[in-house]
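This is what each chain is made of:
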Amino acid sequence: MSDTQKMLRAIINGQSALKEELLQRIDGVEKKLDKRIEGLEKKTEKGFEEVNKRLDKIGSQVAYLEDDAPTREEYDKLENRVGKLEQKTAST
């Protein structure tokens, strides 16, 4: 083997070793990121569940309040009745 071939072989072997080392590091980083991503997914799912529970409670509270609140027509009728009662008590 000539000197040129030995030099080329040394360069190729160095590049192969460098590539292997880079691939190992990339795999390590990928594993770390997978763990973190899984942790974040669990946290966001839990957070969304809590928010959904709160929204359901608020929605049911609003529905109960809406059921208890008088309609516009009921309010107008009540206003007329109170007006009549005020007139009667004022005239007596």
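These lines cover the structure that appears in this document, whether it is placed above or below. These numbers come from a predicted model, not from an experiment. (Residues numbered from 1 in each chain as written. Predicted model: local features only at pLDDT ≥ 70, side-chain atom pairs only at ≥ 80, totals over all residues. Heavy atoms only, no water.)

1. Overview of the overall build of the protein chain
Broken down by element type, the protein chain carries two helices and zero strands. Relative to its length of 92 residues, the protein chain is extended, with a C-alpha radius of gyration of 39 Å against a globular reference of 12 Å. In terms of overall dimensions, the protein chain has C-alpha extents of about 130 × 20 × 15 Å along its principal axes. A total accessible area of about 9300 Å² is found for the protein chain, and carbon and sulfur atoms account for 56% of it. (Helix = DSSP H or I, 4+ residues; strand = E, 2+ residues; numbered from the N terminus. Rg over C-alpha atoms; globule rule 2.2 N^0.38 Å. Areas by Shrake-Rupley, 256 points an atom, 1.4 Å probe, with all protein chains shown as cover.)

2. Remarks on helix H2 (residues 72-91)
End to end, H2 covers 29 Å across 20 residues, agreeing with the expected 28 Å (1.5 Å per residue, within 8%). Of all 20 residues in H2, zero are buried, a share of ten percent or less. (Expected span 1.5 Å × (residues − 1). Buried < 20%, exposed > 50% of the residue type's maximum accessible area, 1.4 Å probe, protein only.)

3. Observations concerning the environment of Asp76
Following the sequence through the fold, Asp76 ends up in helix H2. Between the C-alpha atom of Asp76 and that of Ala90, which follows or precedes it by 14 residues, the distance is 21 Å.

4. Structural notes on the pattern of salt bridges
Applying the stated rule across the entire model yields two salt bridges. Between Glu21 and Arg25 there is a salt bridge, with its nearest N and O atoms 3.4 Å apart. Taken as a pair, Glu21 and Arg25 lie in helix H1 (residues 3-68) at a separation of four residues, close to a single helical turn. By relative accessible area, which is 40% here, Glu21 ends up partly exposed. Taking the shortest distance from any N to any O, the salt bridge between Asp76 and Arg72 comes out at 3.9 Å. Taken together, the positions of Asp76 and Arg72, both in helix H2 and four residues apart, correspond to about one turn of that helix. On the basis of relative accessibility, which here comes to 30%, the residue Asp76 falls in the partly exposed class. Residue classification places Arg72 among the exposed positions, given a relative accessible area of 58%. (Salt bridge = Lys/Arg side-chain N within 4 Å of Asp/Glu carboxyl O.)

5. Notes on a negative patch on the surface
On the surface, Glu20, Asp27, Glu30, Asp34, Glu38, Glu41, Glu45, Glu49 and Glu50 cluster together to form a negatively charged patch. Here Glu41 lies in helix H1. (Patch = residues over 30% accessible without salt bridge, like charges linked within 9 Å, V, L, I, M, F, W, Y side chains within 5 Å. Lys, Arg positive; Asp, Glu negative; His and termini not counted. Charge placed at Lys NZ, Arg CZ, Asp CG, Glu CD.)

6. Describing a nonpolar patch on the surface
A surface patch of nonpolar side chains, about 370 Å² in accessible area, is lined by Leu18, Leu22, Leu23 and Ile26. Assessed through its relative accessible area of 40%, Leu23 is described here as partly exposed.

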